[in-house]
Amino acid sequence: MSLRIANQVRRGPAVTLSVDGQAVEAFAGESLAAALWAAGRRALRQSPRAGTPRGVFCMMGACQECLVRVDGQRALACQVAVYADMRVETGAAT
Amino acid sequence: MIRDPEILILGAGPAGVGAALALADHGVRALVVDSGFAAGGQVYRPMPDTFAPNGTPGLGPDQEEGARQRRLLADSGVATAFGRLVWSIGTDLRVDALGPDGPEFWRPKGLVVAAGATERVVPFPGWTLPGVMGLAAATILLKSQCMLPGRRVVVAGCGPLLFAVANAVVKGGGQVVALADLAGPGTWLRAMPALLGRPGDLLQGGAWMARLAAKGVPLMFRHTVREARALGAGLKVSLGAVDANGRPMRPARDRTLEADSLVVGHGLIPSTEALRLLGAEMYFDAEAGGWVPRLDDDQRASRAGLYAAGDGTGVRGAVGAFLAGRIAGLTAALDLGRIDAGQHARAAGPLRRRLAQARRFGRAMSRLMAPPSGLYDALDAHTVVCRCEDVTRAEVNQALESGAADVNQLKSWTRCGMGPCQGRMCGDTVAQIVALRTGSRAAAGAWTARVPLRPLNVEALAGDFDYDDIPLPTAAPL
Amino acid sequence: MSVNDKARIPGGETFDAAVVGAGVMGATTALFLARGGMRCALIDAGGVCREASGVNAGTLTLHMTRAALIPYAMRGWDMWKNAPDWLGGDPGVCTTDGLSLAFTAQEAALLEERVEARRAQGAPIEIVTASRAREIEPGLTDDARLVAHCPMDGYVTANLTGHTYRRALVEAGVRLYENAPVTGIEAGDGGFRLAMAGVAPRARRLVLAGGVWLEDMLAWLGLRIPIKALVNQLIVTERVQPVMRSVLGIASGLLSLKQFANGTVLVGGGWQGKGDRARHTTEIVPDNLIGNLRLARYVVPALAETRIVRAWLGFEAETSDALPLVGPLRGIAEAYAIGCVHSGYTSGPYFGRLLAQRILGQEPEMPLFDADRLLATP
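Quick notes on the rules
Residues numbered from 1 in each chain as written. Chains lettered and ligands numbered in written order. Predicted model: local features only at pLDDT ≥ 70, side-chain atom pairs only at ≥ 80, totals over all residues. Heavy atoms only, no water. Helix = DSSP H or I, 4+ residues; strand = E, 2+ residues; numbered from the N terminus. Rg over C-alpha atoms; globule rule 2.2 N^0.38 Å. Buried < 20%, exposed > 50% of the residue type's maximum accessible area, 1.4 Å probe, protein only. Contact = heavy atoms within 4.5 Å. Areas by Shrake-Rupley, 256 points an atom, 1.4 Å probe, with all protein chains shown as cover. Lys, Arg positive; Asp, Glu negative; His and termini not counted. Charge placed at Lys NZ, Arg CZ, Asp CG, Glu CD. Pairing = 2+ DSSP bridges. Axes fitted to C-alpha atoms, helices over the stretch in contact; angles between N-to-C directions. Parallel < 35°, antiparallel > 145°, perpendicular 65-115°, else oblique. Left-handed = near helix turned anticlockwise from the far one by under 90°. Nonpolar A, V, L, I, M, F, W, Y, C, P; charged D, E, K, R; others polar.

**What about the overall build of chain A?**
- Looking only at helices and strands, one finds one helix and eight strands in chain A.
- For chain A, the sequential pattern of α-helices and β-strands runs β-β-β-α-β-β-β-β-β.
- What you see for chain A is a C-alpha radius of gyration of 13 Å, in line with the 12 Å of a compact globule of 94 residues.
- Across its three principal directions, the C-alpha atoms of chain A cover 40 × 25 × 20 Å.
- Scored against the burial criterion, the 94 residues of chain A give a buried share of 57%.
- Put simply, of all contacts in chain A between residues at least 6 apart along the chain, 39% involve residues at least 24 apart.
- Summing over all exposed atoms, chain A offers an accessible surface of approximately 3400 Å²; the carbon and sulfur share of this is 51%.
- Taking the average place of the 11 positive charges on the side chains of chain A and the average place of its 7 negative ones, the gap between the two points comes to 8 Å.

Below is the structure:
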């Protein structure tokens with residue numbers, strides 16, 4: 001079962017992102033954090049001091065846990081909308 | 001977009017929109033600046049514009065109110081600047097932001113701060129694991145992304161969001177493995193009289209509880225999360241009973257459940273960084289969610305040209321925020337000489353009466369959302385308090401024992417609050433722990449607000465430049 | 001208040017010496033006075049090392065030190081390097097290489113002149129080739145026109161300084177009065193009486209170590225010495241992978257760039273913010289923040305990929321001739337001042353030790369910097 005709730009909404013066109021070199025399907029305009037979440041990519045980075053895995057936590061740009069690289073630039077996954085061929089790198093941010 | 005707004009509104013949530021509409025009514029040149037890409041704030045966050053609701057009503061009245069406010073804002077003609085991180089505000093009210101086209105700034109005559117709130121999550125072992133997220137985060141996933149926070153979810157914490165999220169999960173086809181509420185049924189009953197002011201919400205809350213019970217969702221009152229552990233791709237979540245003050249009880253009867261994810265939250269905290277940066281006078285009000293600015297009846301803060309409204313001035317909910325925003329806008333128009341005192345009074349009077357009613361309701365909600373103090377006593381030594389820097393309760397205690405007397409000294413010594421979230425996630429918890437020693441939150445203090453108000457990409461801020469473009473000051477003496 | 005109140009005020013005790021101002025210089029003075037056998041009080045309006053000593057860049061460098069202060073700075077650098085021996089702990093001291101850079105013809109000329117002047121005072125600084133510079137600092141840009149190298153460089157983790165000092169002071173028996181603003185000083189027969197809320201300690205000797213607030217403190221004693229307040233800006237990034245290993249500056253002194261062991265990169269160099277020492281408020285000037293950041297990003301290109309998370313400002317005190325004020329205050333027996341040391345972090349502890357030597361009746365190893373030259377004519 002998908003985490004995307006099907007009956008409430010018609011989503012935009014399907015797009016493919018590259019996440020750490022792997023193809024991930026998502027929908028145009030979707031939050032990158034949501035797209036990663038739906039794809040089961042829960043651990044997005046490690047905390048720099050203890051090295052423990054971290055993922056989406058606040059969804060509103062405050063906690064900074066979902067920091068990834070988007071097309072080479074540091075960005076919060078929860079503050080970015082996906083588009084076709086977006087290149088995402090996790091784990092590399094810190 | 002306009003370059004020379006008379007009034008700049010920081011935040012496009014209900015308070016910011018309210019202020020913008022009032023200013024537009026009186027011909028004031030206003031600009032609304034927000035980091036998001038549409039008005040509505042967190043409470044009315046819209047779906048992406050590539051999404052089309054299936055005509056199914058029942059996405060809730062919030063969605064409709066959000067759409068209405070976005071329409072009103074668009075019709076008002078007030079200028080907006082979305083996708084901007086405001087990172088500095090000077091005492092001369094120069095506002096600096098970083099947007100898609102690089103750095104920019106404005107010099108308005110007045111500033112309405114409508115910064116909203118962030119979620120409070122009181123730490124517990126395992127709260128940093130992927131798969132653990134805030135109730136507000138789950139709400140955003142559910143409402144703006146139509147996505148479940150998990151197939152099998154534990155929902156825990158306190159306040160009305162618990163039932164809203166659990167209900168939305170069930171409605172979306174997910175399973176709520178358990179709902180653990182710090183409050184007991186008695187707490188909810190005591191809140192009833194104030195909640196009766198908003199019978200719609202009360203009925204909705206009651207319907208949620210009934211539906212969850214009917215679906216067989218275990219409603220565990222007076223329970224909290226003891227611990228979360230990773231289990232394969234999911235989690236193992238231990239829940240246990242607490243007393244009325246949130247202190248652990250009957251640990252032998254703790255239950256451990258398997259789930260995809262744990263959604264947990266303990267109320268909201270006003271976002272006051274911008275106001276503190278400007279040196280606005282603040283005071284601590286636990287019931288309002290934390291430190292809040294001292295405002296007059298017309299939403300003026302303690303320095304000329306500075307106004308504030310909404311949850312960022314004390315958590316009272318979206319309805320009150322919109323009304324307070326309108327009053328702030330009217331007051332700014334008054335102070336600019338666009339309306340006279342009589343006009344202001346006539347327009348603000350009815351708003352103020354509705355605001356008083358909304359605040360009674362908001363106060364009751366806030367009380368339901370406030371975590372009991374025993375939760376902090378129960379924080380064990382190994383629990384991470386500061387997520388960014390992995391600072392544990394034991395390290396905080398150590399610093400306190402060696403003489404750290406307030407939150408800022410503690411920050412210096414432990415790096416607690418020095419990470420990229422800039423203390424937003426740990427600030428309230430740390431202050432609560434310091435207060436156990438200093439006796440009060442007022443004595444424990446609040447982080448000194450610093451620029452940048454959010455982390456900034458160096459590349460984006462520095463832009464394209466040559467060495468000659470660096471405005472080097474004169475050399476230091478030899 | 002009159003002397004007769006003394007009996008009724010709790011804690012109105014008498015010390016051999018009272019030091020007002022608990023930054024690095026005041027705290028070191030107090031530490032060595034206590035170790036020299038004096039009953040010593042250290043008093044601060046805030047906490048130990050919470051102003052300039054707790055918030056500045058903590059750079060230990062000769063590249064930015066005024067030529068005349070090089071011999072002091074070299075001894076100060078040694079003290080920091082051996083902090084556990086005399087401070088009983090390590091406030092995150094790292095000694096490493098330091099490079100000073102020039103990017104224009106004008107800066108190259110400035111660098112040559114400054115290297116020469118500092119070398120004349122004994123600093124082990126030399127001009128190195130571009131390839132040697134890149135060897136020392138792989139993170140460095142290719143664009144440097146001239147580079148000077150000094151093996152005596154490094155930094156202290158300034159936010160840990162107060163913690164380390166505080167422990168040493170308590171152990172040495174120094175009586176700490178924190179969050180205790182002194183509002184005035186009465187000089188009387190054979191001593192001083194300090195006006196503070198609730199207590200009024202007396203001391204036979206007085207050391208004023210109030211940084212930019214020295215001007216006001218000297219005025220309590222009827223002395224007028226103008227002291228300028230610089231408002232220095234600091235910027236720090238989040239923790240990132242190693243992007244550099246040395247301390248980098250430029251010829252004019254307007255950059256101080258380093259990466260701490262924890263991965264954060266600190267950008268400073270004395271770019272100015274706004275500040276009001278009387279009201280104790282400071283404020284960033286956004287254009288200066290962007291300027292300083294551009295310079296840092298130019299020098300270490302990899303910084304482009306980082307994020308800054310915090311900027312703040314610290315007050316730095318400067319006399320009219322930009323040289324220190326360390327020594328006895330003429331005309332007032334047993335009153336001393338210490339402060340206004342340019343690049344003060346490097347030589348701060350050494351000046352504290354020198355002044356303590358003088359107060360303890362020993363001959364200081366190196367000359368002090370007399371206040372007389374600075375006294376404004378009434």
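Moving on, there is more to tell.
**Looking at the sheet that holds strand 3 (residues 22-27) of chain A**
All names here are of chain A.
- If you walk across this open sheet you meet the five strands as 3-2-8-6-7, and the pairing is mixed. The two strands at the open ends of the sheet, each matched to only one other strand, are strand 3 and strand 7 (73-76). This sheet shows a mean twist of 40 degrees between the axes of neighbouring strands, independent of strand direction.
- One ladder, built from two bridges, connects strand 6 (residues 67-70) with strand 8 (residues 87-89); its direction is antiparallel.

**Notes on the packing of helix 1 (residues 24-35) of chain C against helix 7 (residues 158-172) of chain C**
Residue and element names in this part refer to chain C.
- The interhelical angle for the contact between helix 1 and helix 7, taken along N-to-C directions, is 20 degrees, at an axis separation of 9 Å. Of the possible angle classes, the one that applies to helix 1 and helix 7 is roughly parallel. Our pair here, helix 1 against helix 7, has a crossing hand that is left-handed. Contacts between helix 1 and helix 7 pair V24, A27, T28, A30, L31, A34 and R35 from the former with T161, Y165, A168, L169 and A172 from the latter.
- Among the residues forming the contact of helix 1 with helix 7, the class breakdown is nine nonpolar, two polar and one charged.

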